[in-house]
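Coordinate inspection notes
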There are 2 protein chains.
Amino acid sequence: MPTATYHRENLRETLLELAERTVRRSGVESLSLRELAREAKVSHAAPARHFRDRRALLDALALEGFQRLNRAMADAAATSGPFGTRFRAIATDYVSFAVENAALLGLMYAVKHEADASDALVEAGRRSMRVAVELIAEAQSEGDVLPGDPERLALVAFASVHGVAVLATGDLLEGFSVEQATDAAVDVLLSAIAAPDPRA
Amino acid sequence: MPTATYHRENLRETLLELAERTVRRSGVESLSLRELAREAKVSHAAPARHFRDRRALLDALALEGFQRLNRAMADAAATSGPFGTRFRAIATDYVSFAVENAALLGLMYAVKHEADASDALVEAGRRSMRVAVELIAEAQSEGDVLPGDPERLALVAFASVHGVAVLATGDLLEGFSVEQATDAAVDVLLSAIAAPDPRA
DNA sequence: ACCTGAACACCGTTCAAGT
DNA sequence: ACCTGAACACCGTTCAAGT
């Protein structure tokens, strides 16, 4: 008779993985701690040891989401090449993440602005905006982007790309593909903020 | 002893009003049909006569939301004046609606793209996009906007404004006011798509 | 330290029965 | 037609008790 089916190696991670899977498959609202516990083959009270309540689990999920998104954006920003290319790469990555993790993205933004969001979560939420600000400030100093408050331009760029992401996940693209929509937004932004090529 | 505390004038409307109030105050997830029934002083099974299930009530709420939003946008679009002014007015109205009805807007977009959303809901969701397309097509025929697929430009404009709305409700404006963010997005969009003034 | 099992106060949904 | 009250199968959360 094998013993110890009863405490698990790393219940916290197991629960997070299971939770992410069910959020992806059926949305946040159908995520039940008791169901999760059943899937993890653990008593329904066990998750409480690792997450104070349902919200704490959701917060942890959202935090992981922001961390993954930020890593992807930072990687795309870190490539070399002309500003337009790097900007387009970041936008594409952002929208791809949104499409592939639609429910998670919704959770990330929903949970971030709840009154008592953790510092780590708020900080992670701000981080992607800062990637955009730095990219634009840097491009300005290279003469690739018109002068002007980089925070203001980054806000508009971020809003625009995030908007495409939301419309994409909401099935509101009305005939355009995700790539077409992203490219269109990037084209419009670049035509507004890119400095004219001095070699032209 | 007064009789008839027991069937109500218009329970459906009463429930919708109460539901909207609690969604506004405490979010969708804390909306309970039983609680609603208690507030309406009706048995917990009574709401089922008017809404098949919780989702049906949420759908009805979302539909009302789109209708109000679309009315506001159509009104702003119907004013006369130069394209830039009208466009800015619509954007401002959209973002104001989003800020004043943050939870409702979230519900609207969440519910719209659930697999079995009602036709009325999907149609209402598309309508605001069409207002944008028409505005831009009209401005192009007047020579106020550069030529190009009006649906593509409207998509970008819509995404941009919706993005500002989402960032605003998500407390991600980082030091900018809602008005500043909206104006910045409109400025950038106009500088990309507005035709140069022929009188200049 | 980590988990269990029972208990409590909620849910949404359904359905026979009442008016 | 519209509502009630009871019932069913779920929840999240807490807590004494076990190992």
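The model shown is predicted, which means the values in this text are computed figures rather than measured ones. Counting restarts for each chain: residues are numbered from 1 in the order of the written sequence. Chains and ligands are labelled sequentially in the order written, the chains with letters from A and the ligands with numbers from 1. The predicted origin of the model limits local features to residues at a pLDDT of at least 70 and limits the giving and counting of side-chain atom pairs to 80 or more, whereas totals for whole chains, interfaces and linings rest on all residues. In computing side-chain properties, one takes all heavy atoms of the structure into account and sets aside hydrogens as well as water.

Here we come to helix α5 (residues 102-112) of chain B. For α5(B), every residue scored as buried is listed here: B:L104, B:L105, B:L107, B:M108, B:Y109, B:V111 and B:K112. Here a residue-residue contact requires only that any non-hydrogen atoms of the pair lie within 4.5 Å. Secondary structure elements are taken from DSSP: a helix is a run of H or I of four residues or more, a strand is a run of E of two residues or more, and numbering for both begins at the N terminus. Buried residues along α5(B) sit in contact with α1 (11-26), α3 (54-78), α4 (83-100), α6 (119-141) and α7 (150-169) of chain B. Residue burial is assigned from relative accessible area. The probe radius is 1.4 Å, only protein chains are included, and a residue is buried under 20% of its type maximum, exposed over 50%, and partly exposed in between.

With respect to spatial proximity, 24 residues lie near DNA strand D, and among them A:L33, A:R34, A:R38, A:D53 and B:S43 are the closest. Note that a phosphate oxygen of DNA strand D is positioned 2.6 Å from one of the side-chain N or O atoms of A:R38. Pairing of N or O atoms within 3.5 Å defines a polar contact, subject to two protein rules: one partner must be a possible hydrogen donor and the other a possible acceptor, and residues neighboring in sequence count only if both atoms are side-chain atoms. Here a base nitrogen of DNA strand D and a side-chain polar atom of B:H44 are 2.9 Å apart. Here the element with the most residues in the surface near DNA strand D is helix α2 (residues 33-39) of chain A; it accounts for four residues. Distances are taken per atom, and a residue is near a molecule or strand as soon as one of its heavy atoms is within 4 Å of it.

If you check the shell around DNA strand C, you find 24 residues, and the closest are A:S43, B:L33, B:R34, B:R38 and B:D53. One of the backbone N or O atoms of A:S43 is found 2.4 Å from a phosphate oxygen in DNA strand C. Between DNA strand C and B:S32, the relevant distance is 3.4 Å, taken from a sugar or linking oxygen to a side-chain nitrogen or oxygen of the residue. By residue number, the principal contributor to the surface near DNA strand C is helix α2 (residues 33-39) of chain B, which donates four residues. Classifying every residue of the surface near DNA strand C by side-chain character gives ten nonpolar, six polar and eight charged. Ten residue types, Ala, Val, Leu, Ile, Met, Phe, Trp, Tyr, Cys and Pro, are classed as nonpolar, four, Asp, Glu, Lys and Arg, as charged, and the remainder, Gly among them, as polar.

What follows deals with the domain arrangement of chain A. Residue and element names in this part refer to chain A. When the domains of chain A are assigned, the result is domain 1 (1-51) and domain 2 (55-193). Throughout, the edges of the domains are those of an automatic or database domain assignment. Each of domain 1 and domain 2 has a C-alpha centre, and the two are 31 Å apart. On the side of domain 2, twelve residues touch domain 1, which itself brings twelve residues to the contact. Buried area is a sum: the accessible area each of two parts loses on coming together, probed at 1.4 Å, counted once for each and added. Of the roughly 940 Å² buried between domain 1 and domain 2 on both sides combined, carbon and sulfur atoms contribute 76%. When the buried surface of domain 1 facing domain 2 is broken down by residue, L16, E20 and F51 rank first, second and third, together holding 42% of it. Definition used for salt bridges: Asp or Glu carboxyl oxygen within 4 Å of a side-chain nitrogen of Lys or Arg. At the junction of domain 1 and domain 2, the tally comes to one salt bridge. Between R68 and E20 there is a salt bridge, with its nearest N and O atoms 3.5 Å apart. Remark: the boundary between domain 1 and domain 2 carries three residue pairs in polar contact (both at pLDDT 80 or more). Breaking the side of domain 1 that touches domain 2 down by element, the ones donating at least two residues are α1 (11-26) and α2.

To continue, consider the interface of chain A and chain B. Every contact between the two is made by 35 residues of chain A and, on the other side, 35 residues of chain B. For the pair chain A and chain B, the summed buried area comes to about 3000 Å², and 73% of that belongs to carbon and sulfur atoms. For the pair chain A and chain B, the interface holds four salt bridges. When the shortest N-O distance is used, the salt bridge between A:R126 and B:E174 registers 3.2 Å. On the surface where chain A and chain B come into contact, there are four residue pairs in polar contact (both at pLDDT 80 or more). Those elements giving two or more residues to the side of chain A that touches chain B turn out to be α5 (102-112), α6 (119-141), α7 (150-169) and α8 (178-193) of chain A. At 14 residues, the largest contribution of residues to the side of chain A that touches chain B is made by α7(A). Within the side of chain A that touches chain B, the residues separate by chemical class into 19 nonpolar, eight polar and eight charged.

All right, on to the relation of the copies chain A and chain B then. Note on the copies: chain A fits chain B at an RMSD of 0.0 Å, the axial shift is 0.0 Å, and the rotation between them is 180 degrees. In short, the pair behaves as if placed about a two-fold rotation axis. Both copies share a contact surface, since 100% of the interface residues of chain A are interface residues in chain B too. Least-squares superposition aligns the copies on the C-alpha atoms of those residues with pLDDT at or above 70 in both.

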